Amino acid sequence: MNEQAINGTKDKKNPPRHFLDLKGFSRQTLRNILDLSADLKKRLANGERPPILKDKMLAMIFERESTRTRVSFDVGMRQLGGQTMMLTGREMQLSREETIADTARVLSRYVDAIIIRILSHEDLLELAGTAGVPVINGLTQLSHPCQVLADIQTFEEHRGPIEEASVTWVGDANNVLASWVHATAIFGNRLNIACPEEYAPSGKMLNDIAAAGDRISLGTDPREACRNSDLVITDTWVSMGDKDASERRRILSPYRVDQSLMELASADALFMHCLPAHRGDEVTEEVMDGPQSVVFDEAENRMHVQKAILAHVFGIERLS
Ligand code: CP
Ligand code: NVA
């Protein structure tokens, strides 16, 4: 599917520009967003807050917990001159069975864009398919595209083009990995995945991995996957919506990222985690707080890259 089919509403004359998944975007479009993010970051450091979204209102629907996504979108939107409104399903009529489609139609009459965190990816697509304004995916159980664009910006700030990097994912095959699979298909980096069989990629993610050809390797051995890697990434063993927490901890315990695993990677390999982290579970304190860790740069870049995503959905590709 192309950019429009995945990230736009198909059957309208002037479809809103959604940001639902990295999959479907061209490398050039994502490069434009990354360039704008770097520009916005530099300007902010110089005290500049270009008001390119002056008077725009962003509705922020959070069906699940969030620290980074919630605060970074809120602050980022305000820095661009816009305004935000925080909503949860529980306080809207969504909790009394108003449909997501009707909610989208109504909100589109009031606000200029919507960012939503909702576990059901189908609900995200339904919202986007009915909304008359841009919709941004702030995490579903199937993907987390804003996170992975911020990760790429972070890698490139420290080590240069992602295209040339060997990236390793260790642990659960979750939403963040799915967006890394999408990014790999677009940017052409290597992606080495090590997951236990019980929590290995399945369904759409497995198809996407197969479609990426030999740039993505899939196995169960974290040591093998980390060898000579430029970037080691992990995430929580228990994502929002997962029910089997103690079973997951037991099965995923050989996938903890510790110093001995990092030592198999390149000498200057980076460590990333989208946060929130659980020191002692998926990553040791030594790695999480060690010199290779760039987790707080990732968190910061969420804000810069999301400002660029907001600009993109409003049709702004660069600053004048
Ligand atoms: N990484 C991330 O999305 O964090 P939050 O859940 O705090 O938003
Ligand atoms: N995989 C995690 C990411 C949290 C930002 C989750 O879905 O809970």
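Predicted model, so just to flag it, every value in this text is computed and none were measured. (Residues numbered from 1 in each chain as written. Chains lettered and ligands numbered in written order. Predicted model: local features only at pLDDT ≥ 70, side-chain atom pairs only at ≥ 80, totals over all residues. Heavy atoms only, no water.)

(A) The arrangement of the overall build of the protein chain in detail. Secondary structure assignment for the protein chain yields 13 helices and 9 strands. For 320 residues, the compact-globule formula gives about 20 Å, and the C-alpha radius of gyration of the protein chain, at 19 Å, lands near that figure. Overall, the protein chain is about 55 × 45 × 35 Å in size when its C-alpha atoms are taken along their principal axes. Taken over 320 residues, the protein chain has a buried fraction of 56%. Contacts spanning at least 24 positions in sequence make up 73% of the contacts within the protein chain whose residues lie at least 6 apart. Carbon and sulfur atoms make up 47% of the accessible area of the protein chain, which totals about 13,900 Å². Taken as two groups, the 37 positive and 47 negative side-chain charges of the protein chain have centres that lie 6 Å from each other. (Helix = DSSP H or I, 4+ residues; strand = E, 2+ residues; numbered from the N terminus. Rg over C-alpha atoms; globule rule 2.2 N^0.38 Å. Buried < 20%, exposed > 50% of the residue type's maximum accessible area, 1.4 Å probe, protein only. Contact = heavy atoms within 4.5 Å. Areas by Shrake-Rupley, 256 points an atom, 1.4 Å probe, with all protein chains shown as cover. Lys, Arg positive; Asp, Glu negative; His and termini not counted. Charge placed at Lys NZ, Arg CZ, Asp CG, Glu CD.)

(B) Just the packing of helix α7 (residues 175-187) against helix α8 (residues 203-211), in detail. Where α7 meets α8, the axes come as close as 9 Å, and the angle between the chain directions of the two elements is 25°. By the criterion of interaxial angle, the relationship of α7 to α8 is roughly parallel. Viewed along their axes, α7 and α8 form a crossing whose handedness is left-handed. Packed against α7, whose contacting residues are L177, A178, V181 and H182, the element α8 presents M205, D208 and I209 at the interface. Tallied by class, residues from the contact of α7 with α8 come to 5 nonpolar, 1 polar and 1 charged. (Axes fitted to C-alpha atoms, helices over the stretch in contact; angles between N-to-C directions. Parallel < 35°, antiparallel > 145°, perpendicular 65-115°, else oblique. Left-handed = near helix turned anticlockwise from the far one by under 90°. Nonpolar A, V, L, I, M, F, W, Y, C, P; charged D, E, K, R; others polar.)

(C) Representation of the packing of helix α2 (residues 27-45) against helix α6 (residues 145-159) in the model. Interaxial distance between α2 and α6 falls to 11 Å at its minimum, and their mutual angle equals 65°. When the axis of α2 is compared with that of α6, the two are roughly perpendicular. Between α2 and α6 lies a crossing whose hand is right-handed. Every residue of α6 that contacts α2 at L30, R31, I33, L34, S37, A38 and K41 is listed here: L149, I152, Q153, E156 and E157.

(D) Examining the site of ligand 2 more closely. Near ligand 2, the surroundings consist of L139, N174, N175, D235, T236, S239, M240, C274 and L275. The contact in question runs from a nitrogen atom of ligand 2 to an N or O atom on the side chain of N174, over 3.3 Å. Taking M240, its main chain carries an N or O atom lying 2.8 Å from an oxygen atom of ligand 2. Burial of ligand 2 by the surrounding chains reaches 93%, relative to a free accessible area of 270 Å². Considered class by class, the residues forming the shell around ligand 2 number 4 nonpolar, 4 polar and 1 charged. (Near = heavy atom within 4 Å. Polar contact = N/O pair within 3.5 Å; in protein donor to acceptor, adjacent residues only side chain to side chain.)

(E) The environment of D123, seen in detail. Inspection of the secondary structure assignment puts D123 in helix α5 (residues 121-130). Take D123: its relative accessible area is 28%, and that puts it in the partly exposed class. Excluding its chain neighbours within four sequence positions, the residues that come into contact with D123 are I100 and I118.

(F) Region of interest: the nonpolar core. Ranked by size, the top nonpolar core spans 57 residues in total, and within it F19, L30, I136, L149, L177, W180 and I193 carry the most contacts. At 8 residues, α7 tops the list of elements feeding residues into this core. Core analysis: the next-biggest nonpolar cluster, separate from the first, contains 20 residues, M57, L87, A104 and I118 among them. (Core = buried A, V, L, I, M, F, W, Y, C linked by side-chain atoms within 4.5 Å.)

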